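Okay, here's what each chain looks like letter by letter:
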Amino acid sequence: MAVAGAAAQSLPSSLPAPWWRGRPGAAVLVVAGMLLSYFGWKHHWAWPAALEWNSFSPHLDRFQAWLSNNRNLPHPNIAFRIFNGFANFLDDLVSWLTRLFYYLKWSGTTALGTLVVLRFGGRKAALGTLAAFASFATLGLWDNSVQTFALMFAAVGMSLAVGMPLGVLAGRSATFNRAITPILDAMQIVPAFAYLMPVVILFSVGPGAAVVTTMIYAVPPAIRITALGIRGVAPNTVEAATALGATRWQVLSKVQLPLARRMLLLSVNQTILFALSMVVIAGLIGGTGLGDAVTNGLYTDPAFAIFAGAAIVIMAIALDRATEAMANRTDPAQRHLTAHKAHVLRAYTAACALVVVAAVVLGHVFGAGTVWSRWTAQDWLRTYVQRALDYIQNPGTFLFRNLTNPTGNFLVQHGIQPLRTFFIETPWPATFAGLVLIAFLLSGLRRAAIAAAMLFIVGLVGEWANAMDTFSQVLVATVLTVIVGLAIGVWAAESRTVSRVVRPVNDVLQTLPQLVYIIPFIYLMPVSGVPGVVASVLYASPVMIRLVQRGIEDVSPESVEAATSFGATRAQVLLKVKIPLARDAIMLGVNQAIIMVLAVVVIGGLVGSGALGYEVAQGLQRNAFGQGVIASIAILALGIALDRVTQGRGAAGARSES
Amino acid sequence: MSTSTTGAKRLGSSSGNPLIRAEGIWKIFGKNADRVIGTADAELSRAELRTKTGCVAAVRNVSFEVWPGEVFVVMGLSGSGKSTLVRTLIRLIEPTAGRVEIDGHDVTQASRDELLQLRRHTSSMVFQHFGLLAHRSVIDNVAFGLEVQGKSKAERLARAGEVLKLVGLEDAANQFPNELSGGMQQRVGLARAFAVDPKVMLYDEPFSALDPLIRRDMQDEVIRLQHETGKTMVFITHDLPEALRLGDRIAIMRDGRVVQLGTPEDLVGSPADDYVSNFVRDIPRSHVLTLRWIMREPAAGEADGPTLDVSTTVRNAVPVIAASERPVCAVENGRVVGVVDKEAVLMAIAGEGD
């Protein structure tokens, strides 16, 4: 009896606490509190003017004026001269590359691009490249493509010149790697759109500014992947070389760099894709080319904007495939060059060079550059695209009446609008405290403190209402992304067929520049924030799908087998074993998704999403520098806050341990 | 191979100075590792030290000498510190304390440049996972050490070709490492180490990753190369038969310390502690022990039987002893030092496995 009594007494403590006494319960309580204060004190307590730093914007404007005055003096001082020299160098680099491509003509540039890919990447990739060049001409966008090309190559060259040495350093020195990782992490959180304003203040509008913004965006992946490649070289080969008396330089040049060649080329691949993504947006700050054609044509000439968008898509895919093929070809273990083979390849290279020269000469003889830009299928294609646009936007059609319009309206009426009202009209202390508390519940004290500081900065610069507006759009888009990502990710993990279908679609979606996603939805769902939200879902979903799929596929087969042996159904295995065990991957997916969503939602400011993105767009289009920078700072702060909140406790623990 | 040859070599080599002299080597991983040495903490067991200071003692106060032409084997289970020890010899891992001297040069005090010269010309190393360069052909891999030294292309390719012939890989010169089997890859590793014509060769478990049959081939290869070139070798292994086959002297390591250092006979005949005797328990004693271990003083009139060298193993002595009516005389330098009768041989064989 005594034993039974003791067992009965100790029993309750071993039972898990009910959910409402844990963190989920607390979160529900916090939300309830926020709702209560919303209904009780609606419209009271907007962010107080006393907590706003109103003179910040004029300060920034004055700083910009001072900067541009001093820079444009007949005899600027040494610091400005260096600065000007750098800016001019970038401008010159772009214009030099543009002239080079013009000089090569369409025929020469096409031959050069195709043959380089053929020589180093193989026939399939070369065919793709050829098709891409042909399509630029067919679309009548040759000039714009050349400008984008020049801008991108200048940016890629500069990014690699900076990124690769730093990457090598980070790959070789653990100390340097530790120092640089948090900076790279931070740089990747910042939405591309937020870089634009500060760079414009420093470099003013022009190709140079476009190159600098692109560099800021493209250098981190260059560093990361280079470092990864160097670290990926088997330590025993490095040790063997060291034991034979190789110096540090010999180890680098004879062992690490050659063995990391494939990763180094993949880092070029990623740098190119990142650069292209940014170069297109940089159309807003003086980069000419396809991005410019998109942003200017969106409302004035939709068909033309769509052509430019298509050209960007084609360029991204062709560049990705070509550089990836080159990277895979040069895998050192696969590339067994004997003297004979090397000889043949040299002859091949020479032949290719000859063909390029011939193409250039022919181009000059027949005036190919100019002929091609006049001889296009643009007008012919335009009639079809215009017809499609007319159909899409005709309120009487099935598509508009029953699909796009209701979807758009539903998103606004039941998603964006109520959330926006809720976040803006709830008294700010309640919103502020509520968000910070949720951050604490999700991710612990330190991250909550950072989130609080960031939210305070948002209010301080006077962007509280706009930020809450952006936040509500981000929230809607993230929820949609998580739903889409979980559904498709789980399905793809469970079914080989689905996985086979989803993978190539994901591959393409992940290579496209952010701006491209928005274009179709401007015409499909032209209601306030909807294009930005839907585009961001499309942009972020592939990553979410991938992480969910990988998380579920990585669940150890033993666990699944064990559950199955107890008689669990497939649904039980999924819900009780796989998804819980994949939780970390899914949380990581949410974290990534929310950052990617923010990046695209703010670009939506260009096309009627309002909020912070609109402020930046206005700043750019009307030279309202201070206003634009302030909005950029708010975007940055919001990004950091969202990142910290969604990092979760697991990630926090893992990071502090490493 | 037989122990008689290695025994003769040992006799011939102990004159002059040792080629490698290691004195009191310590290697402790972790923060403030150098503060541990010389305190009472240094005497703690590994686990205790780890819980107390967070440091891991990989090598603890190891000293030994290696004579020219000798094969010195360091044997121990994984985690005993043997691989760390061999790396401290040429400072691939910096020793926390202690002094290493190779060929009269103080390695531990050497400048960066002196260290490079030592690694380039005096020592070379063969690794467990080969450490070949995947992007280079076999001959370029073999020539790598010479390339690092700055030798001309013609010179290094000629030398690499020679060495490839030595290891029987001349036909594979233009192949790439990933086209070769594991055994052939390690032959490339051997050739690369030989190509620089070092005085000392360091082997870090070179054959552990290979299949047993190939391992045996490679051991024969090393013994052959050692005979032909007379290199001094430091050989790391976790495989006792391998150690007994190759080693003139063997150091057995446990938890970073050397628990016994001696000839194969010493280890099998008189293990220092339970750990060593557990190790050598399954080794057939008659394969290792020589007549020296089982002979007795000759009684009057016994010194005229058939003679055998005192360093003959029991196993090899069996045919002679079995065929002889009289006890066999063990001879050292032409002098009879003892006799062995059938009873002694049977006792030695019967004692195996105890």
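Time to look at the overall build of chain A. Along its length, chain A carries 29 helices and zero strands. For 658 residues, the compact-globule estimate of 2.2 N^0.38 gives 26 Å, and chain A sits close to it at 28 Å. By principal-axis analysis of the C-alpha atoms, chain A measures approximately 100 × 60 × 60 Å. The 658 residues of chain A split such that 51% are buried. Nonlocal contacts in chain A, meaning residues at least 24 apart in sequence, comprise 82% of its contacts between residues at least 6 apart. Summed over all atoms, the accessible surface of chain A reaches about 30,600 Å², with 67% contributed by carbon and sulfur. Charge separation in chain A, taken as the distance between the mean sites of 44 positive and 27 negative side-chain charges, equals 7 Å.

On to the packing of helix H4 (residues 78-121) of chain A against helix H6 (residues 142-172) of chain A. All names here are of chain A. One way to put it is that H4 packs onto H6 with a least axis distance of 8 Å and a crossing angle of 130 degrees. In terms of their interaxial angle, H4 and H6 are classed as oblique. Pair H4 / H6 crosses with right-handed handedness. The segment H4 lies against H6, with Phe86, Phe89, Leu90, Leu93, Val94, Leu97, Thr98, Phe101, Tyr102, Lys105, Trp106 and Thr109 engaging Trp142, Asp143, Val146, Gln147, Phe149, Ala150, Leu151, Phe153, Ala154 and Met158. For the contact of H4 with H6, a count of residues per class yields 17 nonpolar, three polar and two charged.

Moving on to a nonpolar patch on the surface. A cluster of nonpolar residues, Val357(A), Val361(A), Leu362(A), Val365(A) and Phe366(A), forms a patch on the protein surface that exposes about 510 Å² of accessible area. Here Phe366(A) shows up in helix H15 (residues 339-366).

Attention now goes to the sheet that holds strand E2 (residues 56-66) of chain B. Residues and elements named next belong to chain B. Spatial ordering of the open sheet is given by E2-E1-E4-E5, a layout of four strands whose pairing is antiparallel. Edge positions in the sheet fall to E2 and strand E5 (105-106), since each has one partner strand and no second. Sheet analysis places strand E1 (residues 20-29) next to strand E4 (residues 97-102), joined by five bridges and oriented antiparallel. The residue bridging Ile20 from the neighbouring strand is Ile102, located in E4. Helix-sheet contacts for helix H3 (residues 82-89) involve E1, E2 and E4, and the interaxial angle to E1 is about 120 degrees.

Before going further, it helps to examine the interface of chain B and chain A. Listed by partner, the interface residues are 26 residues for chain B and 22 residues for chain A. Contact between chain B and chain A buries roughly 2,100 Å² in total, counting both sides, with carbon and sulfur atoms accounting for 64%. Between the two partners, chain B and chain A, sit two salt bridges. Between chain B and chain A we count seven residue pairs in polar contact (both at pLDDT 80 or more) in total. Counting only elements with at least two residues in the side of chain B that touches chain A, the list comes to helix H4 (112-122), strand E6 (123-126) and helix H6 (144-149) of chain B. For the side of chain B that touches chain A, a count of residues per class yields 12 nonpolar, six polar and eight charged.

A separate point is the confidence of the model for chain B. Here chain B averages 83 in pLDDT, and 95% of its residues register 70 or above. Low confidence marks residues 1-14 of chain B, where pLDDT is under 50. Its contacts with residues over four positions away, or in another chain, come to 15 contacts.

Residue and element names in this part refer to chain B. Ordered in space as E6-E7-E8-E3-E9-E10, the six strands form an open sheet in which the pairing is mixed. Looking along the sheet, the strands with just one partner apiece sit at the ends: E6 and strand E10 (257-262). Sheet twist, expressed as the mean angle between neighbouring strand axes with direction ignored, is 15 degrees. Taken together, the four bridges between E6 and strand E7 (residues 200-204) define a ladder with parallel strand orientation. Across the sheet, the residue bridging to Ser123 is Val200, located in E7.

According to the stated counting rule, one finds 12 aromatic pairs over all chains in the structure shown. Where Phe64(B) meets Phe72(B), the ring centres are 4.7 Å apart and the plane angle is 15 degrees; that geometry is what we call stacked. The same class applies to Phe64(B) as to Phe72(B), namely buried. Ring centres of Tyr275(B) and Phe279(B) lie 5.3 Å apart, and the angle between their planes is 85 degrees; this geometry places the pair in the edge-to-face category. Here the residue Tyr275(B) and the residue Phe279(B) both occupy positions in helix H12 (residues 274-280), the gap between them amounting to four residues, near one helical turn. Given the relative accessible area of 17%, Tyr275(B) is considered buried. Assessed through its relative accessible area of 19%, Phe279(B) is described here as buried. The structure contains a cluster of three or more aromatic residues connected by ring pairs, namely Phe101(A), Phe133(A), Phe136(A), Phe149(A) and Phe153(A).

The biggest cluster of nonpolar side chains holds 175 residues, and the ones touching the most others in it are Met152(A), Phe193(A) and Val211(A). Excluding anything up to four places from it in sequence, Phe193(A) contacts Ile281(A), Leu284(A), Val602(A), Ile603(A), Leu606(A), Gly613(A), Val616(A) and Ala617(A). Ranked by size, the runner-up nonpolar core spans 81 residues in total, among them Ala246(A), Met201(B), Leu308(B) and Ala317(B).

Under the defined criterion, the tally for this structure stands at 26 salt bridges over all chains. In this structure, Arg87(B) engages Glu239(A) in a salt bridge whose closest nitrogen and oxygen atoms are separated by 2.3 Å. Taken together, the residues span two chains, with Arg87(B) in helix H3 and Glu239(A) in helix H10 (residues 235-243). For the pair Arg87(B) and Glu239(A), one class covers both residues: buried. Here Lys231(B) ties to Asp197(B) by a salt bridge, and the two come within 2.5 Å at their closest N and O atoms. Of the two residues, Lys231(B) is situated in the loop between helix H9 (212-229) and strand E8 (232-237) and Asp197(B) in the loop between helix H8 (182-195) and E7; the sequence distance between them amounts to 34 residues. Where salt bridges share partners, they join Arg21(B), Glu65(B), Arg99(B), Glu101(B) and Asp106(B) into one cluster.

Turning to the side chain of Ser123(B), a few remarks are in order. All names here are of chain B. Looking at the element boundaries, Ser123 is found in strand E6. Classification of Ser123 by relative accessible area gives buried; the value is 0%. When sequence neighbours within four positions are dropped, the list of residues in contact with Ser123 reads Ile90, Leu118, Pro198 and Val200.

This brings us to the domain arrangement of chain A. Think of interface size as the accessible area that goes away when the parts come together; that is how it is often given. Residues and elements named next belong to chain A. What the domain assignment lists for chain A is domain 1 (85-388) and domain 2 (398-425 + 471-641). On a C-alpha basis, the centres of domain 1 and domain 2 stand 27 Å from each other. Each side of the interface is counted separately: domain 1 has 35 residues, and domain 2 has 34 residues. For the pairing of domain 1 and domain 2, the buried interface totals around 2,800 Å² over both sides, and the portion due to carbon and sulfur atoms is 83%. Taken together, domain 1 and domain 2 are joined by zero salt bridges. Those elements giving two or more residues to the side of domain 1 that touches domain 2 turn out to be helix H7 (174-189), helix H8 (192-203), helix H12 (261-281), helix H13 (290-300) and helix H14 (302-329). Ranked by residues supplied to the side of domain 1 that touches domain 2, first place goes to H14 with 10 residues. Of the residues assigned to the side of domain 1 that touches domain 2, the class counts are 28 nonpolar, five polar and two charged.

About the thresholds
- Throughout, residues of each chain are indexed from 1 in the direction in which the sequence is written.
- Chain letters start at A and ligand numbers start at 1, both assigned in the order the entries are written.
- It should be noted that, the model being predicted, local features are given only for residues of pLDDT at least 70 and side-chain atom pairs only at 80 or more, the latter also being counted only at that level, while totals for whole chains, interfaces and linings use all residues.
- Excluded from the side-chain calculation are hydrogens and water; included are all heavy atoms of the structure.
- Under the DSSP-based scheme used, a helix requires at least four consecutive residues in state H or I and a strand at least two consecutive residues in state E, with every element numbered from the N terminus.
- Atoms considered for the radius of gyration are the C-alpha atoms alone. The globule rule reads 2.2 Å times the number of residues to the power 0.38.
- Each residue's exposure class comes from its accessible area (1.4 Å probe, protein chains only) as a fraction of the maximum for that residue type: buried when under 20%, exposed when over 50%, partly exposed otherwise.
- Residues are treated as being in contact if the distance between any of their heavy atoms lies within 4.5 Å.
- Note that accessible areas follow from Shrake-Rupley with a 1.4 Å probe, and for residues the cover is restricted to the protein chains shown.
- Counted charges follow a simple rule, with Lys and Arg positive, Asp and Glu negative, and His plus the chain ends left uncounted.
- Where a charge sits is defined by one atom per residue type, namely NZ (Lys), CZ (Arg), CG (Asp) or CD (Glu).
- Here an axis means a line fitted to C-alpha atoms, over the contact stretch when the element is a helix, while the angle between two N-to-C directions is reported on a 0 to 180 degree scale.
- Angles are sorted into four bins: roughly parallel if under 35 degrees, roughly antiparallel if over 145, roughly perpendicular if 65 to 115, and oblique for all others.
- Crossing handedness is defined as follows: a turn of the near helix away from the far one that is anticlockwise and smaller than a right angle gives a left-handed crossing, while the clockwise case is right-handed.
- The classification used treats Ala, Val, Leu, Ile, Met, Phe, Trp, Tyr, Cys and Pro as nonpolar, Asp, Glu, Lys and Arg as charged, and all other residues, Gly among them, as polar.
- Residues with no salt bridge and a relative accessible area higher than 30% make up the patches, which join like charges within 9 Å and nonpolar side chains (Val, Leu, Ile, Met, Phe, Trp, Tyr) within 5 Å.
- Salt bridge, as used here, is a side-chain nitrogen of Lys or Arg placed within 4 Å of a carboxyl oxygen of Asp or Glu.
- The criterion for strand pairing is that DSSP finds at least two bridges linking the strands in question.
- A quick way to say it: buried area is the sum, across both parts, of accessible area lost when two parts are put together, with a 1.4 Å probe.
- In protein, a polar contact means a hydrogen-donor-capable atom and an acceptor-capable atom, both N or O and within 3.5 Å, with residues adjacent in sequence counting only if both atoms are side-chain atoms; elsewhere, any N or O pair within 3.5 Å suffices.
- The predictor attaches a confidence to each residue, called pLDDT, with possible values from 0 through 100.
- The rule is short: rings of Phe, Tyr and Trp, with Trp giving its six-membered ring, pair when the centres are within 6.5 Å, and they are stacked under 30 degrees, edge-to-face over 60, tilted in between.
- Only buried residues count toward a nonpolar core, which is a set of Ala, Val, Leu, Ile, Met, Phe, Trp, Tyr and Cys residues joined through side-chain atoms within 4.5 Å.
- Annotation comment: domain bounds sourced from an automatic or database domain assignment.

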